[in-house]
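Reading the structure
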Amino acid sequence: MTVATVGVHIVDILARPIDHIPEGQDTVLVEQIRLTAAGAAAGTAVDLVKLGNPVITMGAAGDDELGDFLVAVLAKRGVDVSRLVRRAGEQTAASILPIRPDGGRPSFHVPGANLSVTYADLDPDVLRGVRAIHLGGMDVTFGLGDPAFFALLDEVRASGTVITMDLLSEMPDLLGMARAFLPHVDYVLPNESQALLMTGASDVGEAARALLADGPRGVLVTLGAAGSLVVTREGAETVPALKVDVSDTTGCGDAYCAGFLTGLLHGQDVLTAARWGTAAAARVATGLGSDAGLIDLDSTLRTLG
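Heads up: these notes are all about the structure in this document. (Residues numbered from 1 in each chain as written. Predicted model: local features only at pLDDT ≥ 70, side-chain atom pairs only at ≥ 80, totals over all residues. Heavy atoms only, no water.)

Moving on to the packing of aromatic side chains. Within this structure, the stated rule accounts for 4 aromatic pairs. Judged by centre distance (5.0 Å) and plane angle (90°), the ring pair of Phe150 and Phe181 falls under edge-to-face. In this pair, Phe150 sits in helix H4 (residues 147–158) while Phe181 sits in the loop between helix H5 (172–178) and strand E10 (187–188), placing the two residues 31 residues apart along the sequence. Classification of Phe150 by relative accessible area gives buried; the value is 12%. On the basis of relative accessible area, Phe181 is assigned to the buried category, the value being 2%. Aromatic ring contacts, followed pair by pair, group Tyr119, Phe149, Phe150 and Phe181 into a single cluster. (Phe/Tyr/Trp six-rings, centres within 6.5 Å; stacked < 30°, edge-to-face > 60°. Helix = DSSP H or I, 4+ residues; strand = E, 2+ residues; numbered from the N terminus. Buried < 20%, exposed > 50% of the residue type's maximum accessible area, 1.4 Å probe, protein only.)

Here it is as structure tokens:
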């Protein structure tokens, strides 16, 4: 495998467009309902495969029907699920997402088996054999904040493995704990709210610089329609978003991570890789769900013009 994704695995149940919750037992007709494999590890894994990367994913799901679906759809999309742990008697993490007409996505979420993931669930030998590791949602898989895992990350980084990290929650206490990973990763990719909550900074530039001081090589803060802020020790630059007709913003951050990491694996510099991430996010925003609109690398890069 080229890439391992580690962390959060979720089943998303999405419907659009939703402009209100009906009273009582009324029914509202919608245009589309989808179930997808999502979450900062699972959703990114699917996008990475679509962009041409062989991917294995690690984490945990329940032994329930949602877990059966999650494993089946990941496998159908080409993700190696042989190291995804099934937890007896636990709920698979899931979200219900009523997508607003403007693409906004409030959610109802159960964290399920993601909360129980630990270093013992991972396969260190497999992680030693990949070119890149994406850590998805270390703020909620806090059982991975283990010195043994940090030591493994340091070991593989020393041998040339690229490590990226994305986040899931907007809970200050959890995000604060996730800062412990920063000395052990190459690039961290929070959204604007997460960066501010992690650091207590008053603006996104200050937040990015504070996170950079913790040890990664770069901080890429996604800013929604404003694009992303890329901060390295060489300086800071904003990468603008691409103009597309937005259907749903679910999974745009995961797609950005997948495009960025794919760029790095293709030997691109950080800013060019960020543009690849921007293109992947733009493609996903055009459809419903975390993998919608993303077909392959060539069509994604054509989005850049």
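Our next topic: the nonpolar core. The biggest cluster of nonpolar side chains holds 44 residues, and the ones touching the most others in it are Leu74, Tyr187, Leu220, Phe260 and Leu261. Those elements giving two or more residues to this core turn out to be helix H1 (42–50), strand E4 (55–62), helix H2 (65–76), helix H8 (252–265) and helix H9 (270–284). The element contributing the most residues to this core is H8, with 9 residues. Not counting residues up to four positions away in its chain, the partners in contact with Phe260 are Thr164, Tyr187, Leu189, Leu220, Val270, Ala273, Ala274, Trp276 and Gly277. Leu182, Val185, Val188 and Val204 belong to the second-largest nonpolar core, a separate cluster that totals 43 residues. (Core = buried A, V, L, I, M, F, W, Y, C linked by side-chain atoms within 4.5 Å. Contact = heavy atoms within 4.5 Å.)

What follows is about the pattern of salt bridges. In this structure the tally under the stated criterion is 14 salt bridges. Three or more residues joined by partner-sharing salt bridges are found here, namely Arg34, Lys50, Arg77 and Asp291. (Salt bridge = Lys/Arg side-chain N within 4 Å of Asp/Glu carboxyl O.)

At a minimum axis distance of 8 Å, the contact between H1 and H8 shows a crossing angle of 45°. For the element pair H1 / H8, the angle class is oblique. The element H1 and its partner H8 pack so that their crossing is right-handed. Of H8, the residues touching H1 (which contributes Gly43, Thr44, Asp47 and Leu48) are Asp254, Ala255, Cys257, Ala258, Leu261 and Thr262. When its residues are assigned to classes, the contact of H1 with H8 shows 5 nonpolar, 3 polar and 2 charged. (Axes fitted to C-alpha atoms, helices over the stretch in contact; angles between N-to-C directions. Parallel < 35°, antiparallel > 145°, perpendicular 65-115°, else oblique. Left-handed = near helix turned anticlockwise from the far one by under 90°. Nonpolar A, V, L, I, M, F, W, Y, C, P; charged D, E, K, R; others polar.)

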